[in-house]
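Summary of the model geometry
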Amino acid sequence: MTDTVRSRLPWIVAVLTVGMGLIVFRLISIQFSPDVPFFIDEFRQITERRREFEPPRGRIYDRRGELLSTNDTLYEVNASPAFVTDPDTAAEILADKLDRSRKELMTLLSGNDPYVLIQRPVPAAVGGELLAMQRDPAGPDLNGITLEPIAHRVYPGGRLGSQIIGFVGYDG
């Protein structure tokens, strides 16, 4: 019996060596073949997520060229209290910019909720100031405070234009 095992063993090793050599050869040929862009595209298709963005609504003019409807940006101010590192400073700044009581904001920023809506809508000027403070490295500590832009429709002719053209709320 040991003679048959000993006689078969070189053949088994040879077959496994040839098989491994074929696998290595195939890997090298794939790596350096002209089909590499195909595999790169396959990799991107599998690993990258597609995100769809809705385009901004366009301006509407009447037949004489007068503007009937346009877009504006408002902001939504929210917070993740677990990530607010300095609630006192954040509450003081938000109270000043949003005309809200500091005590109320301090309660919201010190709570246990994972997400707190502070105010919606906030005018673009105030939102711009808060964003500038967040981006300034020497500015106040506003960690945990988030400003989300909200697309807003503006009717220069007043409410009548919205009734004729159509309108939507903040959520689209």
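Since the structure is predicted, the reported quantities are computational estimates derived from the model, not experimental observations. (Residues numbered from 1 in each chain as written. Predicted model: local features only at pLDDT ≥ 70, side-chain atom pairs only at ≥ 80, totals over all residues. Heavy atoms only, no water.)

Glancing now at the nonpolar core. With 20 residues, the main nonpolar core has Val77, Leu94, Leu109, Ile118, Leu130 and Ile145 as its most contacted residues. Elements with a minimum of two residues in this core: strand 2 (67-79), helix 3 (87-98), helix 4 (102-109), strand 3 (116-122), helix 5 (124-135) and strand 4 (145-154). For this core, the element with the highest residue contribution is helix 3, accounting for six residues. Beyond its immediate sequence surroundings of up to four residues, leucine 130 is in contact with Val77, Ile93, Leu94, Lys97, Leu142 and Leu147. (Core = buried A, V, L, I, M, F, W, Y, C linked by side-chain atoms within 4.5 Å. Buried < 20%, exposed > 50% of the residue type's maximum accessible area, 1.4 Å probe, protein only. Helix = DSSP H or I, 4+ residues; strand = E, 2+ residues; numbered from the N terminus. Contact = heavy atoms within 4.5 Å.)

Once that is clear, we can look at unusual backbone geometry. In terms of backbone geometry, most residues other than glycine have negative phi values and most peptide bonds are trans. For the bond running from arginine 120 to proline 121, omega is -5°, close enough to zero to count as cis. If you trace the backbone, proline 121 turns up in strand 3. The phi torsion at aspartate 99 lies on the positive side, around 55°, for a residue other than glycine. For aspartate 99, the position within the fold is in the loop between helix 3 and helix 4.

Residues Met20, Ile23, Val24, Leu27, Ile28 and Phe32 make up a contiguous nonpolar surface patch of about 650 Å² in total accessible area. Turning to its location among the elements, isoleucine 23 is positioned in helix 1 (residues 2-31). (Patch = residues over 30% accessible without salt bridge, like charges linked within 9 Å, V, L, I, M, F, W, Y side chains within 5 Å. Areas by Shrake-Rupley, 256 points an atom, 1.4 Å probe, with all protein chains shown as cover. Salt bridge = Lys/Arg side-chain N within 4 Å of Asp/Glu carboxyl O.)

Two side chains that carry opposite charge are able to pair once their charged atoms sit near each other. Scanning all chains against the criterion turns up five salt bridges. A salt bridge links arginine 64 to aspartate 62; the nearest nitrogen and oxygen atoms lie 3.6 Å apart. Residue glutamate 76 is joined to arginine 120 by a salt bridge in which the shortest nitrogen-to-oxygen separation is 3.4 Å. Residue glutamate 76 is located in strand 2, and its partner arginine 120 is located in strand 3; the two are separated by 44 residues in the primary sequence.

Remember that the coordinates give geometry; whether it matters functionally is a separate question.
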